Amino acid sequence: MDDKLANEIREYAESDVLYPKRVKVRPRAYFIIIKTTAETMADFKAKKGVHPVSPGEKQKMAGSAVLRLSEQRPGWYEGDLNFKRVVTIPATGKHEYRDTRFVVRCKAMSGQDCYDRMVENLQERVDRRSQFPSAKGKNFHFKYLGMWKQA
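Let us look at the structure shown here. Counting restarts for each chain, with residues numbered from 1 along the sequence as it is written. Only residues with pLDDT of at least 70 are given local features in this predicted model, and only at 80 or more are side-chain atom pairs given and counted; all residues enter the totals for whole chains, interfaces and linings. Excluded from the side-chain calculations are hydrogens and water; all other atoms, namely the structure's heavy atoms, are used.

Let us look at the nonpolar core. L81, C114, Y115 and F140 are the most contacted members of the largest nonpolar core, which totals 14 residues. Looking at this core, the elements that each hand over two or more residues are β3 (75–88), β4 (95–108), α5 (111–125) and β5 (140–146). Remark: nonpolar core denotes a set of buried residues (Ala, Val, Leu, Ile, Met, Phe, Trp, Tyr, Cys) joined through side-chain atoms within 4.5 Å. Classification of residues uses two cut-offs on accessible area relative to the type maximum, computed with a 1.4 Å probe and protein chains only: under 20% is buried, over 50% is exposed, and between them is partly exposed. A helix here means a DSSP run of H or I that spans at least four residues, while a strand means a run of E at least two residues long, and both kinds are numbered starting from the N terminus.

Set out below in structure tokens:
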């Protein structure tokens, strides 16, 4: 366990986040941290430590990035996409996947439209075997920059 992991766990414990946190130990090996108000493991298993979700909290969660993705808001967006790009190794002639970050500013109608434009642009320019993440995943982020000027 290093300082970075310790800080990450400490931040999770101090935050208001209620969902479980998964921490990677090594490939295909994780441990999960779960917040609960249960006093004992038996109480936890009997679901006595379940956090009640108020309608306000539910609405707050609904305003997450997944729902903001489809919100129609015409203007300029900055999209940030991490994808697996197929690259040829000159020495061997073989191919490998490389994590590649692509950031763009574009006119779009929503976060989803921004994602679609980015992927469409990349598919024309990179190897067709490259892999693009879901717009709903952690490898795509967008930010609304503002409305474009009317002509």
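This is not the end of the story, as more comes after the structure.
Between side chains of opposite charge, a pair can form when the charged atoms approach closely. In what follows, salt bridge is the name for a side-chain nitrogen of Lys or Arg lying within 4 Å of a carboxyl oxygen of Asp or Glu. In the structure shown here, the tally under the stated rule is 9 salt bridges. Among the salt bridges present, the one from E78 reaches K143, with a minimum N-O distance of 3.9 Å. Here E78 is found in strand β3, whereas its partner K143 is found in strand β5, with 65 residues between them in sequence. R98 is the partner of E96 in a salt bridge, and the nearest nitrogen-oxygen pair spans 2.7 Å. Classification of E96 as partly exposed rests on a relative accessible area of 29%. What makes R98 partly exposed here is its relative accessible area of 42%. Salt bridges sharing partners connect three or more residues here, namely E78, R105 and K143.

Assignment of secondary structure puts S15 in the loop between α1 (3–14) and β1 (21–26). Separated by 2.9 Å, the side chain of S15 and the backbone oxygen of Y12 make a polar contact. In protein, a polar contact means a hydrogen-donor-capable atom and an acceptor-capable atom, both N or O and within 3.5 Å, with residues adjacent in sequence counting only if both atoms are side-chain atoms; elsewhere, any N or O pair within 3.5 Å suffices.

So yeah, pure geometry; function would need other evidence.
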